[in-house]
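Read off the chains here:
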Amino acid sequence: MTEILLSVGEPKIRQFQNKKPISAIAELVWNALDANATYVEVKLERTVTGAIDQIIVSDNGEGITPTQAQESFREYGDTWKSSRTHTNGHQRILHGQNGEGRLFALALGDHLTWNSVSKVDGRSVRTRVTVSRNRPTVWNIDDPTETTDTPGTTVSIIVPQGKRHRALESAEAPDNLAARLAFYLKAYPGIKVVYDGAILDPENIIQDLVDLRLDLPPEYISEAPPIVTFVEWKTRITDRKMLVCNAEGIALAEYGEDWHDAVVSFTPYLRWRGFSDMSVDNIHMLTMTHASLLYAAEQAIRKHVSRRRNEISRQVVEQLKTEGLYPYDMTETSPTQMVERQTFDLVVTVARTALPPRGAPRQLSVNLIQAALERDPSDLHGILDRVLSLNPEERAHLGRLINDTQLSSVISATNTIVDRLNFIGGLRKLLADPQLRRELREVDQLHPMIAKNLWLFGEEWTLARTEVGLTSVLREHLQHLGNDIALESELERVTRDDGRSGRVDVLLYRGVGDERQNERLVVELKRPTVRVGRPELEQVKSYARAIVEDPQYRGVKCKWKFVLATYDYDDSINRDIRQREKPPGLADDQEEYGVWVQSWGEILDAAERKLFFFRKQLEYEATDERVTRYLRESYQEFIPESLHEPYEQD
């Protein structure tokens, strides 16, 4: 046996232990397919109580040669694929080229074993590689032995007692995996992938497939510009993040939040050849390196989802009219009647698959929904629970209906409000706890969370874009802020030797505007350990003046907002930020710009007060359990390690 040490720090490897289980399974399947496997099977072995205790991924591919094992398992990021675009024999497109796929398996269990047979000089040779989650940088490679077995690889993963993989056990798991492999399986129909006994076939679950044109910035316009392939599913897919793909549609990573919609079940694939050579770390930095592309993709997806939602609703309503079951007179135009009708249309659209297909039961269900909306909308909850078999997500969407507001706006606004209240509570928890505050890193944790929630600094910044043209000017005058600061567009350079992000202050910047007026926001995110005083305030003031007086912006019609965001500040600047007839926090108020100093407590308190009325109407309470669950579900990759979900006991 040979013991080798992976040539990268342990913290870098441990980040893979937090990957989603379905992503880890997908990476193991991709490794098999990259080895020219035509058959891949994922088995979930269970205990007598039904809990998964072992995961086995086997294939009939070309296997791992002893030389490949010695080279690839030793060097992080080193793989035989790195200099190639196709598998051996030029048979298929390669998926992975960064040597990171095998590390995803650390998210699945404690003990991992690769048992592989390959052909070497015409002889079948067995290679066995093992690693433990407790020592993820130490890999053991057995001496190769001859065998009569046919080539192929089996990866065995021991799942510790008490660790549940609900995402792998769910009924949607095969479809979620099929969604990731969809384009590959369509391109190579001779391949068979089996998950827990189910054969994956994208054709069985694809309702429609369309390429969306994007409103792209000039730098992306070429012969092969990025596109979003919008795949609509026949069944409900629970894994709904946008998939970042190469030009062929092979998924490389997930991006952003889940796309929740009660009517359309879909997965967007952002496809571009520029993603092909990116590492996992680089893809995680897309919000800074390709913000304008991501913005264009999200806008195109929103427009198409809205269009499809309206099309489906029209089809459902027309079908009810054809059957003579639609309960409303279309000539009635009173505001109350119109809102009720719009509410009814969306309810029956969401519930279309749950409505009885024909006859008296179908008519009764339609009449009950209409009667509840007309007399007492609160009865609708009971009808949805007792009469229609809606899934929890569909009930959750419809359960937030408010009678006196336009329905489509209400559902969107309510989800947004709840998410914002959860985020406020979650950020309070991170900053209030001394241990979490010490662990919280600015570059790859605090910054990306704040960048996704710029409404904290004003509603106008909700859809603001990273203004790439600002970068050179902001960098030119950065010396005013000291040496320990980095622009958000350059954060990928701020890393330690162990791979973790460095401890620096982050300068975040956005722009909004039209042909009449431009506004720009510049936020310096101070580390929670820094207590701001007069030197820091004077630095920001001098920086603001240098920016607005720069030749590129002098005389330009624009309003700047500079914010120094910090965990705490000392008494030396109280007079500056508490001036008579000025809003609290405003330290320098000029015609072209304003400089603000705000603690996170003040920022979150102001945001929460704006949401007070809605919180009261929703009877929302930010409990510790709720905000912790929200952080784990929505910001798992950005929160301190001690806040990650512990193993659950059966």
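Definitions and limits used
- Residues numbered from 1 in each chain as written.
- Predicted model: local features only at pLDDT ≥ 70, side-chain atom pairs only at ≥ 80, totals over all residues.
- Heavy atoms only, no water.
- Helix = DSSP H or I, 4+ residues; strand = E, 2+ residues; numbered from the N terminus.
- Contact = heavy atoms within 4.5 Å.
- Areas by Shrake-Rupley, 256 points an atom, 1.4 Å probe, with all protein chains shown as cover.
- Pairing = 2+ DSSP bridges.
- Expected span 1.5 Å × (residues − 1).
- Buried < 20%, exposed > 50% of the residue type's maximum accessible area, 1.4 Å probe, protein only.
- Bend = angle between axes of the 7 residues up to and from the residue.
- Phe/Tyr/Trp six-rings, centres within 6.5 Å; stacked < 30°, edge-to-face > 60°.
- Lys NZ or Arg CZ within 6 Å of the ring centre and 35° of its normal.
- Polar contact = N/O pair within 3.5 Å; in protein donor to acceptor, adjacent residues only side chain to side chain.
- Axes fitted to C-alpha atoms, helices over the stretch in contact; angles between N-to-C directions.
- Salt bridge = Lys/Arg side-chain N within 4 Å of Asp/Glu carboxyl O.

Peer 1: Give me the lowdown on the overall build of the protein chain, citing residues and values where you can.
Peer 2: Helix and strand counts for the protein chain stand at 21 helices and 23 strands. Intrachain contacts of the protein chain at a sequence separation of at least 6 include 69% that bridge at least 24 residues. Surface exposure of the protein chain reaches about 30200 Å², of which carbon and sulfur atoms provide 46%.

Peer 1: I'd love a proper account of the pairing of strand 4 (residues 111–120), names of residues and values included.
Peer 2: A regular strand carries its side chains on alternate faces of the sheet. Across 10 bridges, strand 4 lies against strand 5 (residues 123–132) in antiparallel orientation. Pairing of leucine 112 across the sheet is with valine 131, part of strand 5. Taken together, strand 4 and the strand that follows it, strand 5, pair antiparallel across an intervening segment of 2 residues, in which aspartate 121 is found at a positive phi of about 55°. Sheet topology note: the strand 4/strand 8 (residues 152–158) ladder contains 7 bridges and is antiparallel. Paired with histidine 111 across the bridge in strand 8 is isoleucine 158.

Peer 1: Account for helix 2 (residues 21–34), with residues named and values stated.
Peer 2: Over its 14 residues, helix 2 runs 20 Å from end to end, which matches the ideal 20 Å to within 8%, given 1.5 Å per residue. Along helix 2, 13 of the 14 residues are buried, which leaves the element largely enclosed by surrounding structure. Positioned one or two residues after helix 2, asparagine 36 has a phi angle of 65°, which is positive.

Peer 1: Describe helix 5 (residues 173–187), with residues and values.
Peer 2: For helix 5, with 15 residues, the first-to-last C-alpha span of 22 Å sits near the 21 Å given by 1.5 Å per residue. When the local axis directions of helix 5 are compared, the greatest deviation, roughly 65°, occurs at leucine 181. With respect to burial, helix 5 is a largely interior element, 13 of its 15 residues being buried.

Peer 1: Which residues make up unusual backbone geometry, and what are the values?
Peer 2: Look at asparagine 36: it is not a glycine, yet its phi comes out positive at around 65°. By the secondary structure assignment, asparagine 36 is in the loop between helix 2 and strand 2 (39–46). Residue classification places asparagine 36 among the buried residues on the basis of a relative accessible area of 9%. Positive phi values are uncommon outside glycine, yet aspartate 196 reaches one of about 50°.

Peer 1: Any details on the packing of aromatic side chains? Residues and values, ideally.
Peer 2: In total, this model carries 19 aromatic pairs according to the counting rule given. Both rings, one in tryptophan 272 and one in phenylalanine 275, keep their centres 5.1 Å apart while their planes meet at 90°; by these two values the pair is edge-to-face. Here tryptophan 272 falls in the buried class, since its relative accessible area comes to 14%. Ring-pair connections join several aromatic residues into one group, and the members of that group are Phe423, Trp455, Tyr630, Tyr635 and Phe638. Residue placement shows arginine 271 over the ring face of phenylalanine 183; its charged tip is 4.9 Å from the ring centre. When the ring centre of tryptophan 596 is taken as origin, the NZ or CZ atom of lysine 561, which lies over that ring, is 5.5 Å away.

Peer 1: So what's going on with the side chain of arginine 510? Which residues, and what values?
Peer 2: Mapped onto the fold, arginine 510 is located in strand 17 (residues 505–513). One polar contact links arginine 510 to glutamate 488, side chain to side chain, over a distance of 2.4 Å.

Peer 1: Provide a residue-level description of the environment of tryptophan 461, including the pertinent values.
Peer 2: For tryptophan 461, the location among the structural elements is in the loop between helix 15 (442–451) and helix 16 (471–476). Measuring from C-alpha to C-alpha, the distance between tryptophan 461 and arginine 510 comes to 7.6 Å, with 49 residues separating the pair along the chain. Apart from the residues within four sequence positions on either side, tryptophan 461 is in contact with Leu454, Arg510, Gly511, Val512, Glu519, Arg520 and Leu521.

Peer 1: Describe the sheet that holds strand 11 (residues 206–212), listing the residues and the values that go with them.
Peer 2: Taking strand neighbours across the sheet as the criterion, the 5 strands line up as 11-12-15-13-14 in an open arrangement whose pairing is mixed. Here the strands that pair on one side only, and so sit at the sheet edges, are strand 11 and strand 14 (251–255). Averaged over all neighbouring strand pairs, the angle between strand axes comes to 25°, with direction disregarded. Of the pairings in the sheet, the one linking strand 13 (residues 242–245) to strand 15 (residues 266–271) comprises 3 bridges and is parallel in character. By the bridge assignment, leucine 243 is partnered in strand 15 with tyrosine 269. Lying over the sheet, helix 8 (residues 291–323) contacts strand 11, strand 12 (227–233), strand 13, strand 14 and strand 15, oriented at roughly 35° with respect to strand 12.

Peer 1: Describe the pattern of salt bridges, with residues and values.
Peer 2: All told, the structure shown has 28 salt bridges when counted by the stated rule. The residue lysine 429 makes a salt bridge to aspartate 624 at a minimum N-O spacing of 2.7 Å. Placement of the pair is lysine 429 in helix 13 (residues 407–432) and aspartate 624 in helix 21 (residues 624–634), with a sequence separation of 195 residues. For aspartate 624, a relative accessible area of 49% corresponds to the partly exposed category. Of the charged contacts in the structure, one is a salt bridge between arginine 527 and aspartate 505, with a shortest N-O distance of 3.0 Å. Within this pair, whereas arginine 527 is found in the loop between strand 18 (518–525) and strand 19 (531–532), its partner aspartate 505 is found in strand 17, the two being separated by 22 residues in sequence. Among the residues examined, arginine 527 registers a relative accessible area of 16% and is labelled buried.

Peer 1: Describe in detail the sheet that holds strand 16 (residues 485–487), supporting the description with residues and values.
Peer 2: Taking strand neighbours across the sheet as the criterion, the 6 strands line up as 16-17-18-20-23-22 in an open arrangement whose pairing is mixed. Lying at the two open borders of the sheet, with one neighbouring strand each, are strand 16 and strand 22 (586–589). In this sheet, neighbouring strand axes are inclined to one another by 20° on average, regardless of whether the strands run parallel or antiparallel. As paired elements, strand 17 and strand 18 share 8 bridges and run antiparallel to each other.

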